[in-house]
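# Fold and geometry: a report
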2 protein chains.
Amino acid sequence: MHERERWQLILNRLRERGIVRVNDLAGLTGASLATLRRDLARLEDQGQLRRVHGGAETAEVSGQGDLTAASFGASQTTNAEAKLAVARKAASLCSDGDSIILNAGSTTWFMAQCLRQHRMQVLTNSFPIAQELIANSGNRVVLPGGELYREPGIILSPFEEDAIQHFAAGKMFMSCYAITPMGVIESDPLIARAEAKLLSRAEKLIVIADSSKFEARGNMVVCPLARVSTVVTDAGAPADMVDHLRGLGVEVLIAEAERETKLSAA
Amino acid sequence: MHERERWQLILNRLRERGIVRVNDLAGLTGASLATLRRDLARLEDQGQLRRVHGGAETAEVSGQGDLTAASFGASQTTNAEAKLAVARKAASLCSDGDSIILNAGSTTWFMAQCLRQHRMQVLTNSFPIAQELIANSGNRVVLPGGELYREPGIILSPFEEDAIQHFAAGKMFMSCYAITPMGVIESDPLIARAEAKLLSRAEKLIVIADSSKFEARGNMVVCPLARVSTVVTDAGAPADMVDHLRGLGVEVLIAEAERETKLSAA
DNA sequence: CTGCAAACGATCATCGTCAATCAAAATTGC
DNA sequence: GCAATTTTGATTGACGATGATCGTTTGCAG
C-alpha cells in the first residue's frame, strides 16, 4: 500500500464516518501509527481534514455531517486550483436559457459554484450540486429518481423508468475518473451507468477534466471519445493526448490558471 | 467511544429532546459522570448548549443558513410543540428495517429529526428531509425524480414514469394542509398529485396532523378518509372529528405533550 | 429554616495519544 | 551496483483524557 492509496482510504473513511481514529486506520491499512500520524498531518496541511485527539474529523463545519461542502469544499483530492480554472472555463460555455446536465463530481461541483449568475435548467444526480444551485443561484434544478448514497451524495437507480427521460439538454458537462484513448472512464459500474443514462439525454458532451485525469486509471468505459464534443482541461494535459483528441475532431480547450503554485514540496 | 462521538451523541440527543441529563448520558455513552461534565463544559464554551443543574439544554437555534433548518427550525408558523409531540409519537411507530414514505411538510420534517437512531428505507420528496436523514441518521434515502422547487424544497414531476414505481412501503406518514370529512386536503394541485403518487406506493397511510389542521381549509383532496389507517394528532383535536374518524375505522392516536404545557398564548 | 440527597468542581493516578528522534527499508539517481 | 534521498517503523518523554474520590454547593421536601 502506497502513500496515495492510504490517503484515499483515509479520506473515503472520513467521508463515510465523519471521524476516523488512528487505531482504526492502523487496522485498516496495516501501516504503523507513526506513518498514519504523518499522513494526517499532511492532509491537515492541505486542509482536507482537521486533527483531533485520537484521530481526525472532517475539516468543514464541525459536528454536523454537512454533506454540502464537507464532500468537496476542502477535500479536493487533487489540485483544486486547476479544477477551479477548468470549472470557470466550462461555465463560460453556458448561456441563460440553456438546459444542461451536470454529473456528480468534484469538478462539476466547482462548476456549479460558478453558475450563480446564470438562469438555466440544470439536471444533476449530485445532491450537493443540487443544494448549491437551489440555495445560491437562480437556476432551475431537476433530479433523477433513485437512492441517495451517503458518501458521495449521488443519486443512483438501477431502473430505466425515470422522470428524466423527459429531459432534453443541449450540453452535458461530465466530470470523470479518467480519460484515455479507450474513452471516458469511471471506476464504479453503478456510477458509469448513471452517467451513461444522463448522457443519453444530452446532445453534446463536454468533458471537464484537469490534467491529472489523463494519467489516472479506471475500468468502466462510460462512452467512447467519439461521443465527446469538447474537452476542457488545463495546461498540464499531455500533448499526445491533446493531439489524439483533436485528431478525432474533439475540441480541446485549455483553461488558464490564475496562479501556478505547485505544492508538492513542503 | 471517543470525545467527538460523545459530543455528537450529546448534541443529537439535545436536538431531539431539548434537554439532557448527565445521568441519562452516562447510561447512553458509558462514560463517567466526570467526563460528561467536562464535555458539557466544553460544549457550553462553544455555545452549543446551556448548562443547567442536572444536565444541559439547547442554547438556541444554531443557524446553518442552509435550506434544512432555515425552512423549519425557526419558522414554525404554527405550534411547534404540538408538531414535535406528534412527530415523536409517529416516529415511535417505526421499526428498524421498515420501508416508509415521508411527504414534504413541516411535521414530517420534525419526524425526520426523530429518526436519527433508526435504520430504515425512507422515500421522500422533500429535499430538506433527505438532507437531514443523510447527514444525521443511518437511514437509506430514496428520492423521486423531478424538478426541485426552491421555496419549499419539494421534488415534483408531472410525469408518471419514475424510479419510485419500484418502491414498496409498509407505511406512509403524511403531513397535510388540512383534514376534513372530505378527506386529506392539500392547497396546491401539484403537491396533491405528488402526494397521491407517493401514496400509491404505500400500504398503510398514517396522517400526522396537529390539532390546528382540523380547522384549516383547502381545495385539493389527496385521498378520502377511508384510505387512512391512522391519524396521529394532539389533545386539541375536536372531539367530533375524532369520533367521526373512529367511526370510519380509523385509528386515532393522541400524542402527549412532553412535560411542561407552556400554553402561554393560545 | 433545616436536613438530605443529588449534583458539582477540584484533585490525582492511570492510561492512551502525541511529537520528536533515530534506525531500517524502499526508492531513486548515477 | 552503490550512494543519496525518501518513506516507513519503533522508541521515548511530554501531554491530554479518563475515571475515582474528595469536600462543597445546590435543589427539594418537610
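Residues numbered from 1 in each chain as written. Chains lettered and ligands numbered in written order. Predicted model: local features only at pLDDT ≥ 70, side-chain atom pairs only at ≥ 80, totals over all residues. Heavy atoms only, no water.

Once that is clear, we can look at the interface of chain A and chain B. Each side of the interface is counted separately: chain A has 37 residues, and chain B has 37 residues. Of the roughly 3300 Å² buried between chain A and chain B on both sides combined, carbon and sulfur atoms contribute 53%. Counting across the chain A and chain B interface gives four salt bridges. Notably, a salt bridge pairs Arg 140 of chain B with Glu 147 of chain A, separated by 2.8 Å at the nearest N-O pair. Across the chain A-chain B interface, the total number found is 18 residue pairs in polar contact (both at pLDDT 80 or more). At the level of elements, strand S1 (19-21), helix H4 (67-72), helix H7 (127-136), strand S6 (140-143) and strand S7 (146-149) of chain A are the ones that each hand at least two residues to the side of chain A that touches chain B. Grouping the amino acids of the side of chain A that touches chain B by side-chain chemistry returns 16 nonpolar, 13 polar and eight charged. (Contact = heavy atoms within 4.5 Å. Buried area = accessible area lost by both parts, 1.4 Å probe. Salt bridge = Lys/Arg side-chain N within 4 Å of Asp/Glu carboxyl O. Polar contact = N/O pair within 3.5 Å; in protein donor to acceptor, adjacent residues only side chain to side chain. Helix = DSSP H or I, 4+ residues; strand = E, 2+ residues; numbered from the N terminus. Nonpolar A, V, L, I, M, F, W, Y, C, P; charged D, E, K, R; others polar.)

All names here are of chain B. Within the secondary structure, Ile 10 sits in helix H1 (residues 3-17). Separated by 39 residues in sequence, Ile 10 and Leu 49 place their C-alpha atoms 9.8 Å apart. Those residues in contact with Ile 10 that lie beyond four places of it in its chain are Val 20, Leu 25, Leu 36, Asp 39, Leu 40, Leu 43 and Leu 49.

Moving on, we come to the protein's contact with DNA strand D. As a matter of local geometry, DNA strand D sits amid 16 residues, with Arg 6 and Arg 38 of chain A together with Arg 6, Thr 35 and Arg 38 of chain B nearest to it. Within 4 Å of the protein, the contacting atoms of DNA strand D are 57% sugar and phosphate, with bases supplying the remainder. At 2.8 Å from a phosphate oxygen of DNA strand D is found a side-chain nitrogen or oxygen belonging to Arg 6 of chain A. In this structure, Ser 32 of chain A approaches DNA strand D through a main-chain N or O atom, which is 3.0 Å from a phosphate oxygen. Residues belonging to the surface near DNA strand D are distributed by class as follows: four nonpolar, six polar and six charged. (Near = heavy atom within 4 Å.)

The next thing to look at is the protein's contact with DNA strand C. Around DNA strand C, a shell composed of 17 residues is seen, among which Asn 23, Arg 37 and Gly 54 of chain A together with Arg 37 and Gly 54 of chain B lie nearest. When the atoms of DNA strand C within 4 Å of the protein are grouped by moiety, sugar and phosphate amount to 96% of the total. Asn 23 of chain B is positioned such that a nitrogen or oxygen atom in its side chain is 3.0 Å from a phosphate oxygen of DNA strand C. Interatomic distance of 3.3 Å between a side-chain N/O atom of Arg 51 of chain B and a phosphate oxygen of DNA strand C. When contributions to the surface near DNA strand C are tallied by element, the ones reaching two or more residues are helix H2 (22-29) and strand S2 (49-52) of chain A together with helix H2 (22-29) and strand S2 (49-52) of chain B. Of the residues contributing to the surface near DNA strand C, the split by class is four nonpolar, nine polar and four charged.

This part is about the sheet that holds strand S12 (residues 202-208) of chain A. Spatial ordering of the open sheet is given by S15(A)-S14(A)-S12(A)-S9(A)-S4(A)-S5(A)-S6(A)-S7(B)-S8(B), a layout of nine strands whose pairing is mixed. Since the sheet does not close on itself, it has two edges, and those belong to strand S15 (251-255) of chain A together with strand S8 (154-156) of chain B, each with one partner. Direction aside, the axes of adjacent strands within the sheet are offset by 25 degrees on average. (Pairing = 2+ DSSP bridges. Axes fitted to C-alpha atoms, helices over the stretch in contact; angles between N-to-C directions.)

Note on aromatic pairs: each is described by the distance of the centres and the angle between the planes. Taken as a whole and judged by the stated rule, the model has three aromatic pairs over all chains. A centroid spacing of 5.6 Å and a plane angle of 70 degrees characterise the contact between Trp 109 of chain A and Phe 110 of chain A, whose relative ring orientation is edge-to-face. Comparing Trp 109 of chain A with Phe 110 of chain A shows no difference in burial state: the two are buried. Between the aromatic rings of Phe 127 of chain A and Phe 127 of chain B, the centroid separation amounts to 4.4 Å while the plane-to-plane angle is 15 degrees, which identifies the pairing as stacked. Of this pair, Phe 127 of chain A sits in helix H7 while Phe 127 of chain B sits in helix H7 (residues 127-136), each in a different chain. (Phe/Tyr/Trp six-rings, centres within 6.5 Å; stacked < 30°, edge-to-face > 60°. Buried < 20%, exposed > 50% of the residue type's maximum accessible area, 1.4 Å probe, protein only.)

Okay, the sheet that holds strand S13 (residues 220-223) of chain B next. Residue and element names in this part refer to chain B. Sheet architecture is open: three strands sit in the order S10-S11-S13, paired in antiparallel fashion. Two strands lie at the open edges of the sheet, namely strand S10 (178-180) and S13, each paired on one side alone. Going from strand to strand, the sheet's axes swing by 40 degrees on average, the running direction of each strand aside. With three bridges joining them, S10 and strand S11 (residues 183-186) adopt antiparallel strand pairing. In the strand pairing of S11, Ile 179 is matched with Val 184. Along the sheet, helix H8 (residues 189-199) contacts S11 and S13; its crossing angle with S13, the most-contacted strand, is approximately 5 degrees.

All names here are of chain A. For helix H3 (residues 33-45), spanning 13 residues, the distance from its first C-alpha to its last is 18 Å, which sits close to the expected 18 Å at 1.5 Å a residue. Within H3 the residues assigned to the buried category are Thr 35, Leu 36, Asp 39, Leu 40 and Leu 43. The arc that holds the buried residues of H3, viewed along the axis, is 135 degrees, so those residues lie on one side. Opposite the buried face of H3, by more than 90 degrees, sit the exposed residues Arg 38 and Asp 45. Turning to H3, the residues buried within the fold contact helix H1 (3-17), H2, S2 and strand S3 (55-58). Note on H3: the residue one or two positions beyond its end, Gly 47, has a positive phi of about 75 degrees. (Expected span 1.5 Å × (residues − 1). Arc of directions from axis to C-beta.)

By the secondary structure assignment, Asp 210 of chain A is in the loop between S12 and strand S13 (220-223). Separated by 2.5 Å, the side chains of Asp 210 of chain A and Ser 212 of chain A make a polar contact.

Another point: the pattern of salt bridges. This structure, assessed with the given rule, holds 19 salt bridges over all chains. The partner of Glu 57 of chain B in a salt bridge is Arg 50 of chain B, and the shortest N-O contact between them spans 2.9 Å. Overall, the relative accessible area of 22% leaves Glu 57 of chain B in the partly exposed class. Of the residues examined, Arg 50 of chain B reaches a relative accessible area of 41% and is grouped as partly exposed. Two residues, Glu 160 of chain B and Arg 193 of chain B, come together in a salt bridge whose shortest N-O distance is 3.0 Å. Here Glu 160 of chain B, found in the loop between S8 and strand S9 (169-174), pairs with Arg 193 of chain B, found in helix H8; they are 33 residues apart in sequence, far enough to count as distant. Given a relative accessible area of 33%, Arg 193 of chain B falls into the partly exposed group. Among the ionic contacts, a cluster of salt bridges with common partners joins Arg 21 and Asp 24 of chain A together with Glu 5 of chain B.

Everything listed here is a matter of coordinates, which is why it stays silent on function.
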